[in-house]
Amino acid sequence: MNVEITDLTRRFGRNQAVDGVSLQAGPGVFGLLGPNGAGKTTLLRMMATVIPPTTGHLRLLGRDPGAYGPRREVRRRLGYLPQNLGYYPGFTVAEFVEYFALLKEMPAARVPAAVATAVERVDLGGRAKAKLRTLSGGMLRRVGIAQAIVNEPELLLLDEPTAGLDPEQRVNFRALLRDLGQRATVVVSTHLVEDVGAACSQVALMDQGKIVFDATPDELTARGTEQGTGDAPLERGYTAVLAAARS
Amino acid sequence: MTAASAPATPRPAAARRGAGTAVLGSGRLLRLELRHNAMLWLLPVAFALFWYNGYREIMALPPMWNLRAMTLQNRLLLDLVVPVTGAAAWMGSREGRRSITDLVAGTARPRWSRQLATWAATTAWAELGCLACVAVVYIITARQASWGGPLWWPAVVSAAGVPALTAIGFAAGAWFPGRFVTPLVTVVAFFGLAFSTQAASGDHSYWQISPLTAGAFDVGAGSEVATFYRYLPDLSIAQVMFSAGLTVALLGALALPVARRRWLAAVIIAAGLGAAGTAVTLAGTGRLDPHGMIVIPALHDAASDQPVSYTPRCSQTMILVCVHPAYASFLPAVTAAVGPELTEFAGLPGAPARISQVAEIYRQESGNGITITAHLASPSEFILPDLLPGQPGATSDQFTANLEETLGLQLARDVILGGGDRAAAPGPSQAQLAVIAGSVRFPASVEPRDLAPLYGQLLPQPGSPADLAGRRFAALSPAARHVWLAQHLTALRAGRISLAQLP
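Residues numbered from 1 in each chain as written. Chains lettered and ligands numbered in written order. Predicted model: local features only at pLDDT ≥ 70, side-chain atom pairs only at ≥ 80, totals over all residues.

Trainee: Explain the overall build of chain B here, please?
Mentor: The helix and strand inventory of chain B stands at 17 helices and eight strands. Computed over its C-alpha atoms, the radius of gyration of chain B comes to 31 Å, more than 25% above the 23 Å expected for a compact globule of 503 residues. Dimensions along the principal axes, computed over C-alpha positions, put chain B at roughly 120 × 45 × 40 Å. (Helix = DSSP H or I, 4+ residues; strand = E, 2+ residues; numbered from the N terminus. Rg over C-alpha atoms; globule rule 2.2 N^0.38 Å.)

Trainee: How do you make sense of the overall build of chain A when you look at a structure like this?
Mentor: For chain A, the helix and strand inventory stands at nine helices and nine strands. Relative to the 2.2 N^0.38 estimate, which gives 18 Å for 247 residues, the radius of gyration of chain A is 18 Å and therefore close to what a compact globule would have. Seen along its three principal axes, the alpha-carbon backbone of chain A occupies a region of about 55 × 40 × 35 Å. Taken over 247 residues, chain A has a buried fraction of 54%. Summarising the internal contacts of chain A: among those between residues at least 6 apart in sequence, 64% fall at separations of at least 24. (Buried ≥ 20, exposed ≤ 12 C-beta atoms within 10 Å, placed from the backbone. Contact = placed C-beta atoms within 7 Å.)

Trainee: What exactly am I supposed to notice about the confidence of the model for chain B here?
Mentor: In low-pLDDT segments, the atomic positions of the prediction should not be examined closely. Residue and element names in this part refer to chain B. Predicted confidence across chain B gives a mean pLDDT of 88, with 93% of residues reaching 70 or more. Taken as a whole, residues 4-15 scores under 50 in pLDDT and shows eleven contacts with residues more than four places along the chain or in a different chain. Under the prediction, the complex receives an ipTM of 0.91, its pTM being 0.88. (pLDDT = per-residue confidence, 0-100.)

Trainee: Could you clarify how one ought to interpret the environment of A:F12 in this entry?
Mentor: Assignment of secondary structure puts A:F12 in strand β1 (residues 3-12). The sequence separation of A:F12 and A:T54 amounts to 42 residues, and the corresponding C-alpha distance is 9.1 Å.

Trainee: Can you walk me through the packing of helix α6 (residues 111-144) of chain B against helix α7 (residues 152-175) of chain B in this structure?
Mentor: Packed helix pairs are specified by the crossing angle of their axes together with the interaxial distance, meaning the distance between the axes. Residues and elements named next belong to chain B. α7 packs onto α6 with a crossing angle of 145° between their chain directions and a minimal axis gap of 9 Å. Regarding α6 and α7, the two cross each other, and that crossing is right-handed. Here Q115, W119, T122, T123, A126, E127, C130, L131 and V134 of α6 come into contact with α7, specifically with A155, S158, A159, V162, P163, T166, A167, F170 and A174. By residue class, the composition of the contact of α6 with α7 is twelve nonpolar, five polar and one charged. (Axes fitted to C-alpha atoms, helices over the stretch in contact; angles between N-to-C directions. Left-handed = near helix turned anticlockwise from the far one by under 90°. Nonpolar A, V, L, I, M, F, W, Y, C, P; charged D, E, K, R; others polar.)

Trainee: Explain the domain arrangement of chain A here, please?
Mentor: All names here are of chain A. The domain boundaries assigned to chain A delineate domain 1 (1-77 + 155-160 + 182-231) and domain 2 (83-152). For domain 1 and domain 2, the distance between their C-alpha centroids amounts to 25 Å. With seven residues of domain 1 at the contact, the number on the domain 2 side is five residues. At the level of secondary structure, the elements contributing two or more residues to the side of domain 1 that touches domain 2 comprise α2 (68-76) and β6 (155-159). The biggest single contributor to the side of domain 1 that touches domain 2 is β6, with three residues. Residue classes in the side of domain 1 that touches domain 2 are distributed as two nonpolar, one polar and four charged. (Domains from an automatic or database assignment.)

Trainee: It is not clear to me how the confidence of the model for chain A should be interpreted in this structure. Could you clarify?
Mentor: Mean pLDDT over chain A: 92, with 100% of residues reaching 70 or higher. Of all helices and strands in chain A, the one with the weakest mean pLDDT is helix α7 (residues 193-199) of chain A (83), whereas helix α3 (residues 93-103) of chain A scores best (97).

Trainee: It is not clear to me how the sheet that holds strand β3 (residues 313-314) of chain B should be interpreted in this structure. Could you clarify?
Mentor: Through backbone hydrogen bonds, the strands of a sheet pair up, either in parallel or in antiparallel fashion. All names here are of chain B. If you walk across this open sheet you meet the four strands as β3-β4-β5-β8, and the pairing is mixed. In this open sheet, the two strands that pair with only one neighbour each are β3 and β8 (381-382). Pairing between strand β4 (residues 320-323) and strand β5 (residues 354-357): three bridges, direction parallel. Residue L320 lies in a different strand from β5, and its bridge partner there is R354. (Pairing = 2+ DSSP bridges.)

Trainee: For this particular structure, what's the right way to read the domain arrangement of chain B?
Mentor: You'll often see interface size given as the accessible area lost when the parts meet. All names here are of chain B. For chain B, the assigned domains are domain 1 (29-301) and domain 2 (313-501). Look at where the C-alpha atoms of domain 1 and domain 2 centre, and you get two points 46 Å apart. If you look at the interface, domain 1 gives 24 residues, while domain 2 gives 18 residues. Taken together, the residues of the side of domain 1 that touches domain 2 sort by class into twelve nonpolar, nine polar and three charged.

Trainee: Got a minute to help me understand α2(A) in this structure?
Mentor: An α-helical turn contains 3.6 residues, so a residue and the one three or four places further along point in the same direction. All names here are of chain A. Every buried residue belonging to α2 is among R71, V74 and R75, and all of these are buried. Each buried residue of α2 lies within a common arc of 100° when the element is viewed along its axis, so the set occupies one face. Each element contacted by the buried residues of α2 is listed here: β4 (55-60) and β5 (78-81). (Arc of directions from axis to C-beta.)

Trainee: I'm lost on the interface of chain B and chain A in this one. Help?
Mentor: Between chain B and chain A, the residue contacts involve 30 residues of the former and 45 residues of the latter. Put simply, the parts of the chain that give the side of chain B that touches chain A at least two residues each are α1 (19-35) and α5 (101-105) of chain B. In terms of residue class, the side of chain B that touches chain A is built from 14 nonpolar, eight polar and eight charged.

Trainee: It is not clear to me how the pairing of β5(B) should be interpreted in this structure. Could you clarify?
Mentor: Side-chain direction in a regular strand flips from residue to residue, so the side chains alternate between the two faces of the sheet. Residues and elements named next belong to chain B. Only one face of β5 is buried, namely the one carrying I355 and Q357, since none of R354 and S356 on the opposite face is buried. Taken together, the two bridges between β5 and β8 define a ladder with parallel strand orientation. Its bridge partner lying in β8, S356 is registered against E381.

Trainee: Is there a simple way to explain the sheet that holds β6(A) in this structure?
Mentor: Residue and element names in this part refer to chain A. If you walk across this open sheet you meet the six strands as β5-β6-β7-β3-β8-β9, and the pairing is mixed. Lying at the two open borders of the sheet, with one neighbouring strand each, are β5 and β9 (210-215). Strand-to-strand twist across the sheet, computed as the mean angle between neighbouring axes with direction ignored, equals 15°. In the sheet, strand β8 (residues 202-207) pairs with β9 via five bridges, with the strands oriented antiparallel.

Trainee: It is not clear to me how unusual backbone geometry should be interpreted in this structure. Could you clarify?
Mentor: Peptide bonds are, in most cases, trans, and in most cases residues other than glycine have a negative phi. Residues and elements named next belong to chain A. Look at E152: it is not a glycine, yet its phi comes out positive at around 50°. Within the secondary structure, E152 sits in the loop between α5 (137-149) and β6. With 20 C-beta atoms packed within 10 Å, E152 lands in the buried category. Its identity as a non-glycine residue notwithstanding, Q208 has a phi of 50°, on the positive side. Residue position: Q208 is located in the loop between β8 and β9. A count of 16 C-beta atoms within 10 Å places Q208 in the partly exposed class.

Trainee: Looking at this structure, how should I read the nonpolar core?
Mentor: Most often, soluble globular proteins have nonpolar side chains that are buried together. By size, the foremost hydrophobic cluster in this structure holds 217 residues, and its most contacted members are A:V97, A:A146, A:V186, A:V187, B:L80, B:V84 and B:A434. Top element by residues in this core is helix α3 (residues 65-92) of chain B. It accounts for 17 residues. Among all residues touching B:V84, those that are not within four sequence positions of it are B:M39, B:A46, B:A126, B:V162, B:L165 and B:T166. (Core = buried A, V, L, I, M, F, W, Y, C linked by C-beta atoms within 7 Å.)

Trainee: Quick question: what am I supposed to make of helix α10 (residues 262-284) of chain B here?
Mentor: Residue and element names in this part refer to chain B. Over its 23 residues, α10 extends 32 Å from the first C-alpha to the last, a length consistent with the 33 Å expected when each residue adds 1.5 Å. Every buried residue of α10 is accounted for by I268, G272, A275, A276, A279, L282 and A283. Those residues of α10 that are buried are in contact with α9 (234-255). (Expected span 1.5 Å × (residues − 1).)

Trainee: Quick question: what am I supposed to make of the environment of B:R313 here?
Mentor: The residue B:R313 is located in strand β3 in this model. Remark: the alpha-carbon pair of B:R313 and B:G292, spanning 21 residues in sequence, is separated by 23 Å.

Trainee: Teacher, can you tell me more about the environment of B:G277 here?
Mentor: All names here are of chain B. Counting through the fold element by element, G277 comes out in helix α10. According to the C-beta neighbour criterion, G277 is partly exposed, with 14 such atoms within 10 Å. A sequence separation of 34 residues divides G277 from T311, and the C-alpha atoms of the two residues are 43 Å apart.

Laid out in structure tokens, this is it:
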């Protein structure tokens, strides 16, 4: 298992953002659904080793990220796209991706080829030399994805990756996710249930800091056949599970 | 986005990360930071500030290495502090301002290493700006100076101060990454640096550690400092040690939040603060040496106290006037100012065949006061005025007046009153005073109150019969006065000449 989470909690002052979460994920695309404030972003930040858990155990890629050496090894094999992507407007697309390749301690000789590949995979090859300040929101999101995948991560954490992408780009992105999921564990946090249905082999639903559902997208769809509201089967499953968890 | 069009590069089974790979990676990171550094864009501002505040004043100074190098040290960092500290604070706060902290926090390269790359790029551009300013001043001075070579220590002190300024700005920006930190730290750094030059008091002041302080506080860039004797690096060494220690301590403090490296950061901070504290303590042990520089006993090399050998530059006048070659450009002004006296007294008993410039002697008084005197062992020695034309507040008229008050009167006194121990001799006669007054010509800019201490000693009281006789004598040509003195000097010295007998 690339991700092993046991009773993980994270508290910010009095706010319990993540409350006893346990999860396991191997290679494949793992969808993380949930309403605003459910704790998805906090869970992803802990998995990205940005913040430590308050309690509980976390093992990533077979290592304990609580210790410096293993954490650094995990980070070399990690790709992370935060919900709010900050960027340096004066950097070009290629420079920004190269910057993160270097921060991920990729061998310098491999960096140029890896950058070119990553930029191509998000369809920005033609804008590689464009300054980030000149790009649209959707393009910036793709730059964020490129920096996340530049090191061919074994664990890829994407927080709202399709926000701002147009329908065509979202379709392409799902294909990319499926491809990446063949070798790596890809955790996608999203509001968009259709992304989960199209790309994920496993899905978990969070609410109020807890995992309230952890199974396949088909099983989530099945939960919505008798109750739940929404236009799509997955949406009905999503609302049904949430309603059951809150009742 | 394509899943299949660009196949993924296979990850090596075990990526070996040797030292060479790490260095190469750091080099590429530094290159990126160099290309996207705020200091690069602020270099024109830095150059403009230096040109407006420092360069014009430095270049107006006489072309002497000591004057220009020491003034450069006094000006350069103050001109650079705003753009340099501001750019460093801007770069230090970049991750926070750009909300990129989460993104970079999940990367393998330690935060300290990442920050060092940004700081190093900022410092590299700032250092380039600093050294460019030094180079311009030194290249022009090399073409103009009549003697000597570059004084490197003032440049080294300025160069060592640049990393300290960037470290201050960067650390402030990294710790408080708000939008107001840049202007705030810039203002604080500017006034802090400016204040540091005003707080020194005497040669034992700890404030001499300020990298703007070049030499003794009240002398600063004196024309004779480091001319007859070597430039003493004692204070410069302490200043460099202080700047380096401050830089190391601040960079170490940036690593403090990293739990694993906390002990290492603490050691680095302690080492930096130790060096800076030692430097301040050393500066407090300074004392003014007779040649106008600060000696720090623990850092002093006695070999530096030997005078610098030189071949003087001499005039083609009847009494040769010889100056240190650094003052060669002032020799025409000197001979022009005292030319009549040189003609009038040449060959007379007591008149030297040659007069040579000697070094002044500096002595620290209470507070910031410093007295500058000269020990003239014989009539053939003289000193030049402290202020040379071109130095702040000095004009050619003042230079000429000062020369008459010193060298002109000295020549007249030695010839008219005779050599030897005059302390035991009776006061000069009215005729002697009249002849001295007639021989020495003060420029119109010299006011009577400036000469008041000399009345009755070397000059007659204004309006007295001796004064009138002196004016009569002054109306003669130097050659005529020479002829009269050649015939009557013995009698004049013996007091046998009355005012009525003067021509």
